[in-house]
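Now for the letters of each chain:
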Amino acid sequence: MAKNTKNIINPLFSVVAVVLAAVIVIVAGTRPVFADCEPNYGGGETCIFNKSFKITKEVRIKDEDDDWEKKVTDVKKDETVEFRIKVKNVGEVEVDNMKIRDILPDELERTGGDGLTEIWDDFEPDETKEFIIRAKIDEDEFDRDNFEKCVVNKVELFFDGDFEGSDTAIVCYEKGEIKELPSTGAESTLAMGIAGLGMIVGGIVTKKRLS
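Peer 1: Please provide a residue-by-residue account of the state of the cysteines, values included.
Peer 2: Counted according to the given criterion, the structure contains one disulfide. Here Cys 150 pairs with Cys 172 through a disulfide, and the sulfurs are 1.9 Å apart. Taking the sign of the S-S torsion, 105° for the link of Cys 150 and Cys 172, the bridge is right-handed. Taken together, the residues Cys 150 in strand β10 (residues 147-159) and Cys 172 in strand β11 (residues 162-175) connect sequence positions 22 residues apart. The partly exposed category is assigned to Cys 150, whose relative accessible area is 46%.

Have a look at this one:
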């Protein structure tokens, strides 16, 4: 009787072993592939799976109820411009160690709002962080007449110290009237000369083809 029981148990263990092996293979085959893995102190590693971010930067003149745009023009000496930075986690996991760095051009002076550098953690999927930076044009920029100028404000996004993306917004300002060159005179003479040269070159090419 014991012999028969042994004969039954052995095939049963074989079937169980085969089933377990199949389950292990299936689980191993469907395990997600992680990226950006870093070793942990004391063993193991931390991995971030499918991280992705979107950063946008826009600008407007403060107190004018204007929509946010990529560019503002004709900003006056005493006006304040506002930059809006939006960062969205469009990935699938929560992440830490996020940072933005705003590169304010020399022609602009920060007057308030958020800092030029901001750091945060616990950034969840579909979450959006918004930052507002206020600035004015340096008064020294207006110590001259008849000019117009545009400057670019850039923001950079970092995750865990690595660059992830950037965006820009433009501020334009001017003073006085910008004189345009007349349609006659040296400019017209130069244009006529170029046109004449074009006709001469065209005639040479035509003659060469006919010959």
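Peer 1: Lay out the pattern of salt bridges in plain terms, naming residues and giving numbers.
Peer 2: Across all of its chains, the model carries 15 salt bridges by this definition. Note that Arg 60 and Glu 82 form a salt bridge whose closest N and O atoms lie 3.0 Å from each other. With Arg 60 in strand β3 (residues 53-61) and Glu 82 in strand β5 (residues 80-89), this pair connects stretches of sequence that are 22 residues apart. Judged by relative accessible area, which is 25%, Arg 60 ranks as partly exposed. According to the relative accessible area criterion, Glu 82 is buried, its value standing at 5%. We note a salt bridge from Glu 82 to Arg 134, for which the minimum N-O separation is 3.0 Å. A residue pair is termed long-range when its members are at least 10 positions apart, and Glu 82 in strand β5 and Arg 134 in strand β9 (residues 128-137) qualify at 52 residues. One connected set of salt bridges, linked through shared partners, spans Glu 107, Glu 141, Arg 144 and Lys 149.

Peer 1: Account for the pairing of β10, naming residues and giving values.
Peer 2: Taken together, the six bridges between strand β6 (residues 98-103) and β10 define a ladder with antiparallel strand orientation. Note on β10: the bridge partner recorded for Ile 100 is Leu 157. Here 13 bridges tie β10 to β11, and the two strands are oriented antiparallel to one another. Bridged to Val 151 within β11 is Val 171. Taking the residues between adjacent antiparallel strands as the criterion, β10 and β11 are bridged by two residues, where Asp 160 takes a positive phi near 55°.

Peer 1: Tell me about a negative patch on the surface, and name the residues and values.
Peer 2: Taken together, Glu 64, Asp 65, Asp 66, Asp 67 and Glu 69 make up a surface patch of like negative charges. Mapping Asp 65 onto the fold places it in the loop between β3 and β4 (71-75).

Peer 1: Before we move on, can you summarise the sheet that holds β9 with the specific residues and values?
Peer 2: The strands making up a sheet associate through hydrogen bonds between their backbones, and the pairing can be parallel or antiparallel. Strand order in this open sheet of four strands is β3-β5-β9-β7, and the pairing throughout is antiparallel. Each having just a single partner strand, β3 and β7 (108-113) make up the two edges of the open sheet. Neighbour-to-neighbour, the strand axes of this sheet turn through a mean angle of 30°, independent of strand direction. As defined by bridge partners, β3 adjoins β5 across nine bridges and the pair is classed as antiparallel. Within the sheet, the bridge partner assigned to Val 59 lies in β5 and is Phe 83.

Reading guide: rules and limits
- Residues numbered from 1 in each chain as written.
- Predicted model: local features only at pLDDT ≥ 70, side-chain atom pairs only at ≥ 80, totals over all residues.
- Heavy atoms only, no water.
- Disulfide = S-S within 2.5 Å.
- Helix = DSSP H or I, 4+ residues; strand = E, 2+ residues; numbered from the N terminus.
- Buried < 20%, exposed > 50% of the residue type's maximum accessible area, 1.4 Å probe, protein only.
- Salt bridge = Lys/Arg side-chain N within 4 Å of Asp/Glu carboxyl O.
- Pairing = 2+ DSSP bridges.
- Patch = residues over 30% accessible without salt bridge, like charges linked within 9 Å, V, L, I, M, F, W, Y side chains within 5 Å.
- Areas by Shrake-Rupley, 256 points an atom, 1.4 Å probe, with all protein chains shown as cover.
- Lys, Arg positive; Asp, Glu negative; His and termini not counted.
- Charge placed at Lys NZ, Arg CZ, Asp CG, Glu CD.
- Axes fitted to C-alpha atoms, helices over the stretch in contact; angles between N-to-C directions.

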